[in-house]
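Understanding the architecture of this molecule
Read off the chains here:
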Amino acid sequence: MKATGVVRRIDDLGRVVIPKEIRKTLRIKEGDPLEIFTDKEGEIILKKYSPIGELTEFATGYAETLAKTTGHIACITDKDTVIAVSGGLKKEFLEKDISEELEKLMDYKENYTSKENNDLAIPIIKNESKERRYNSQVVYPIISDGDVIGSVILLSKDNNTKMTEVEQKVVQSAASFLGSQMEI
């Protein structure tokens, strides 16, 4: 564990303020859920909670099915990282932080489809090079109980591939299904 040198007191309601710098670094926003853990030495550990992270094994299988069905790279994310990848190099995406552009799409509950080769490609992971890496892509937010908890993404690096209404519907269905699994 890394010491930050910051000391905070507990107020009369049992609250502790997490410093702004730490919240910014860990991408913790107002309203984000945190899990609380304790260990034998009496330490309290706060961890940003990812509801879809509980479905990682299921999401991996779903990504594999999407990749086989469509022939494209399939990624499933939570609100912070890529949790499942299939059809591409896993080390390129898996467990990498998502880009600010993808995070904004999710914050606004927007979907995105690049239909033409000259359309803008949304970077998927943080600090991705500015060169165009994907010829076409479809991004859909995963919504559970009205809150965005992640996204489903199809990518293609093939210059002749254009995402059609079929890919859009497949990704929309996957996002809806994963969101409904979290509501159970």
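Residues numbered from 1 in each chain as written. Predicted model: local features only at pLDDT ≥ 70, side-chain atom pairs only at ≥ 80, totals over all residues. Heavy atoms only, no water.

Another aspect to go through is the sheet that holds strand β6 (residues 136–144). Across the sheet, which stays open at both edges, the five strands sit in the order β4-β3-β7-β6-β5 with antiparallel pairing between neighbours. The open sheet has two edge strands, β4 (82–86) and β5 (112–113), and neither has a second partner. With nine bridges connecting them, β6 and strand β7 (residues 147–156) associate as antiparallel partners. Bridging across to β7, Ser136 finds its partner in Ser156. Relative to β7, helix α4 (residues 100–107) is tilted by about 130°, and along the sheet it contacts β3 (73–77), β5, β6 and β7. Helix α5 (residues 165–183) rests against β3, β5, β6 and β7 of the sheet, and its axis sits at about 25° to β6. (Pairing = 2+ DSSP bridges. Helix = DSSP H or I, 4+ residues; strand = E, 2+ residues; numbered from the N terminus. Contact = heavy atoms within 4.5 Å. Axes fitted to C-alpha atoms, helices over the stretch in contact; angles between N-to-C directions.)

Here β3 lies mainly inside the structure; five of its five residues are buried. Here β3 pairs with β7 via five bridges, running antiparallel. Bridging from a neighbouring strand, Ile76 pairs with Val152 of β7. Connecting the antiparallel pair β3 and β4 is a turn made up of four residues. (Buried < 20%, exposed > 50% of the residue type's maximum accessible area, 1.4 Å probe, protein only.)

A contiguous nonpolar surface patch, about 400 Å² in accessible area, is contributed by Leu34, Ile36, Ile44 and Leu46. Listing elements by their share of the nonpolar patch, those giving two or more residues are β1 (34–38) and β2 (44–48). The topology assignment puts Leu46 in strand β2. Classification of Leu46 by relative accessible area gives partly exposed; the value is 47%. (Patch = residues over 30% accessible without salt bridge, like charges linked within 9 Å, V, L, I, M, F, W, Y side chains within 5 Å. Areas by Shrake-Rupley, 256 points an atom, 1.4 Å probe, with all protein chains shown as cover. Salt bridge = Lys/Arg side-chain N within 4 Å of Asp/Glu carboxyl O.)

That's the geometry; what it means functionally is another story.
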